[in-house]
Every structure is written in C-alpha cells, then in structure tokens.
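As a plain string of letters, each chain reads:
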Amino acid sequence: MSPVDFGSRTAVLRHGRFSVRFRMRTALMCAALALATVTVAILALCLGDLPLSPVDVVAALLGSQEGIGHLVVFEWRLPRVLSAVVFGAALGVSGAIFQSLTRNPLASPDVIGLSAGSYAGGLVMIIVFGVGAGSVPVAGGAIIGGLLAAAAVYLLAYRNGMHGFLLIVVGIGVSAMLEALGVYLILRAKLEVAMVASVWGMGSLNPVGWAQFVPAFAVVAIVFLGLGFLVRPMRQLELGDDAARSLGSRVEPARLWLVVCAVALTAVVTGAAGPIAFISLAAPQIAQRLTRTAGIALAPSALIGALVLTASDVVAQYALPDNLPVGLVTVVVGGGYLVWLLIHEVRRRR
C-alpha cells in the first residue's frame, strides 16, 4: 500500500484496486489520542500501593522483568487498565452509532434507555438467579435486556421512519421505567445480594480481572470487525433514508445491524463492569469537535472513550480520598458536559 495523493486536508492510500481516503487532521488527532491513551495507561500501571517506574512497567510488559513487578503489572493492574481502554472504546463507538443514526447529539445509550435495559437485565441475573456480578451470565442478561429495551424504544418511536427527537423522548420514558424496575428488584433482594447489585450498578472496574476481560474483549473485537462492513451504510444513512436507498443501501437491515452492534457494545460493558454513564454521550461529540468532521467518526470516538474512561479510573483510584467506582467520576464529567451541550444547543438554535 502506497500513498499516491496528498493534499492539505486529505490523503489517499491505494493498493491495487482498493483505496482508502482519510482526512489528515483526523489521522493526526487519532495518533495524538492514541499516544495520550497509552501514556495514561502506563501511568495507571505505575501507580498503586507498590509504585513502579515507567521503565519497570515497560520491562514487565516486554517480559524482561520477573518477580513481584511482573506479578503486580500482569495479574493485578493490567486487566483493569486494558478493560478501561477497551470498554471506553466500546462505549464511544456505541454512542457514535446512535448519534449518527439519529443525527442528534443527545442520542446515546444512556439517554434513550439502552443502558437502563442492560442494567435491568444484569440485575435480573444477579438477584433473581443468584449469579455473581461480572460473570458471563450477567453479561448475557445485560445483552438480552439491552436488545429488548432497544426493540421497545424502536417500535414505540417508529413513525414511517426514525425521528431523532421522538426516539429520545420515548427512550427517556423507557429508561425511567427500567430504572424503577431496577430499584424494585434491589429493594426485594436479600441484603447481601442487594449490596453486591448496588456496587455493580455504580459502574466499577474494581472486580474486573482476566476472567471478565477476556470474554468481553472477544465480543467487542467481533463487533468492531462487523462494523467494518457497516461504516459505508452508516455514512449513507446520515444523508437520509431516501438518499441512502438511491445509493443502493438497504436501509432497514443496515439500521437494524447497526443498532444490534451498538447495543451489544453497551451491554457487554455493562455486564462486565456495570453501567458506566455518559462516556457514550460525550465521546462522539468531543471527537467531532477535535477532528472537525461533518459527521460522527467511529475511530476518534473510540479513542476519546478509551482516554476518558482510563483517565477517569486513575482519578477514581488515586486522586480522590476513597477508591470510588469509576462510574461516579464519569457521571460528574459527563453531567457537566451534558449541561454545556444543552446550553450550546439552545444558543445555537436561537
């Protein structure tokens, strides 16, 4: 593959019959975000009750250091750091898909009820069936709950097409009902089970180890591979259903598969670590403003999500008096961003 056409804004890479066009600003921003994420991840691996230098961390990662350093990095800290990176990327992409489909910056799994559906599905597995939080069955319950919530919102909001504002209004109502169901389940549960479910419901990476990370990573990787075939239909859907059909896109199947992928990404994160709020809402909008693209781009959204969640977990662990769940930090960050976004949208429409 070799570059044949560079300009001030775009570049084209060609290899035989295939070519890839990308914006230089987007590529540079992705590189910068990836570097920032790696830097924060290494910092997270250094911090803890047994501080390590970056040299020690890199040596442990490369396999040239044995003993306590290798144990601390690989067994204790690496699963959590990798989970923050992968889960943040998954949430960023999930939010990007919904905001692209609805062409609305407020459309995210947190707002339109899908996170609440995954949360309720996970709670049913924990409380009703007595499954441990963060296990594979809980992830399965979260996926089923998210898909059922997505189906309910889609059917209730569909009026000869999908309208972003109606989707958000219906989603808020469905989310409220599912959150009420979650509260009811916790109140009816035994004390020890309710405590476990409450901690899981805050969104925390504390219990995530290799056993939780590996299956979640496998699902996220499969979904990301599948999205490679859906990027072009997603871009066509941003032009409207009629324009997408005229370009040869099968509108409803493409939208359905995009929704399934987005729900799966949100649900698998919820099943492993609980509902981590506002990453899906904020990451795509921050990425769009940094890259200055006309639409929502998946790769920058994934990198912003990974960076925000990894940095939030470092803050939750080491910058606050107590080791708080990372979900509480993302609520504060994302809540502030949501207020700013609402004010910005009101001013823009005047």
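All values reported here derive from a predicted model rather than from experimental measurement. (Residues numbered from 1 in each chain as written. Predicted model: local features only at pLDDT ≥ 70, side-chain atom pairs only at ≥ 80, totals over all residues. Heavy atoms only, no water.)

For the protein, the helix and strand inventory stands at 14 helices and 3 strands. Relative to the compact-globule value of 20 Å for 350 residues, the protein shows a C-alpha radius of gyration of 21 Å, a close match. With respect to the principal axes defined by its C-alpha atoms, the protein has extents near 60 × 55 × 40 Å. When each of the 350 residues of the protein is scored for burial, the buried share is 50%. A fraction of 70% describes how many contacts in the protein between residues 6 or more apart in sequence connect residues 24 or more apart. Within the protein, the 15 negative side-chain charges are centred at a point lying 14 Å from the centre of the 23 positive side-chain charges. (Helix = DSSP H or I, 4+ residues; strand = E, 2+ residues; numbered from the N terminus. Rg over C-alpha atoms; globule rule 2.2 N^0.38 Å. Buried < 20%, exposed > 50% of the residue type's maximum accessible area, 1.4 Å probe, protein only. Contact = heavy atoms within 4.5 Å. Lys, Arg positive; Asp, Glu negative; His and termini not counted. Charge placed at Lys NZ, Arg CZ, Asp CG, Glu CD.)

Now for the pattern of salt bridges. Applying the stated criterion across every chain yields a total of 4 salt bridges. Linking Asp313 and Arg80 is a salt bridge whose minimum nitrogen-to-oxygen distance equals 2.8 Å. With Asp313 in helix H13 (residues 298-319) and Arg80 in helix H3 (residues 68-102), this residue pair connects regions lying 233 residues apart in the sequence. We note that Asp313, like Arg80, is buried. (Salt bridge = Lys/Arg side-chain N within 4 Å of Asp/Glu carboxyl O.)

Another aspect to go through is a nonpolar patch on the surface. Taken together, the side chains of Leu50, Ile68, Leu71 and Trp76 define a hydrophobic patch exposed on the protein surface, amounting to about 390 Å² of accessible area. Mapped onto the fold, Trp76 is located in helix H3. On the accessibility criterion, Trp76 (56% relative accessible area) is exposed. (Patch = residues over 30% accessible without salt bridge, like charges linked within 9 Å, V, L, I, M, F, W, Y side chains within 5 Å. Areas by Shrake-Rupley, 256 points an atom, 1.4 Å probe, with all protein chains shown as cover.)

Turning to the nonpolar core, a few remarks are in order. The biggest cluster of nonpolar side chains holds 62 residues, and the ones touching the most others in it are Phe87, Ile97, Leu227, Leu258 and Ile276. Once you skip the residues sitting within four places of it in the chain, Ile97 turns out to touch Leu227, Met234, Leu258, Ala262 and Leu298. Listed in part, the 18 residues of the second largest apolar core include Leu33, Val40, Ala44 and Val81. (Core = buried A, V, L, I, M, F, W, Y, C linked by side-chain atoms within 4.5 Å.)

Mapped onto the elements, Ser100 comes out in helix H3. Separated by 71 residues in sequence, Ser100 and Met29 have C-alpha atoms that sit 20 Å apart.

What follows concerns helix H7 (residues 191-201). Taken as a whole, H7 has its buried residues at Ala194, Ala197 and Trp200. Buried residues of H7, seen end-on, are gathered within an arc of 125° and therefore sit on one face of the element. Residues Leu191, Glu192 and Met195 are exposed on H7 and point more than 90 degrees away from its buried face. Looking at the residues trailing H7, positive phi occurs at Gly203, about 85°. (Arc of directions from axis to C-beta.)

To continue, consider the environment of Arg250. Turning to its location among the elements, Arg250 is positioned in the loop between helix H10 (241-246) and helix H11 (251-273). On the accessibility criterion, Arg250 (63% relative accessible area) is exposed. As a C-alpha pair, Arg250 and Pro233 span 17 residues in sequence and 8.0 Å in three-dimensional space.

The subject of this paragraph is the UniProt feature "transmembrane region" (unreviewed entry) in the protein. The sites that UniProt annotates as "transmembrane region" (unreviewed entry) are residues 26-45, 81-99, 111-131, 138-158, 164-187, 208-231, 256-282 and 324-343. Measuring from the first to the last C-alpha atom of residues 26-45 gives 28 Å, for a span that is 100% helix and 0% strand. Each end of residues 138-158 is marked by a C-alpha atom, and these two atoms are 30 Å apart; helix forms 95% of the span and strand 0%. (UniProt positions renumbered as here; feature names shortened; annotations may be inferred.)

Turning our attention to the packing of helix H1 (residues 24-46) against H13. Interaxial distance between H1 and H13 falls to 9 Å at its minimum, and their mutual angle equals 25°. It follows from the interaxial angle that H1 and H13 lie roughly parallel. Our pair here, H1 against H13, has a crossing hand that is left-handed. Two secondary-structure elements touch here, H1 through Thr26, Cys30, Leu33, Ala34, Ala36, Thr37, Val40, Ala41 and Ala44 and H13 through Ala299, Pro300, Leu303, Ile304, Ala306, Leu307, Thr310, Ala311, Val314 and Tyr318. For the contact of H1 with H13, a count of residues per class yields 16 nonpolar, 3 polar and no charged. (Axes fitted to C-alpha atoms, helices over the stretch in contact; angles between N-to-C directions. Parallel < 35°, antiparallel > 145°, perpendicular 65-115°, else oblique. Left-handed = near helix turned anticlockwise from the far one by under 90°. Nonpolar A, V, L, I, M, F, W, Y, C, P; charged D, E, K, R; others polar.)

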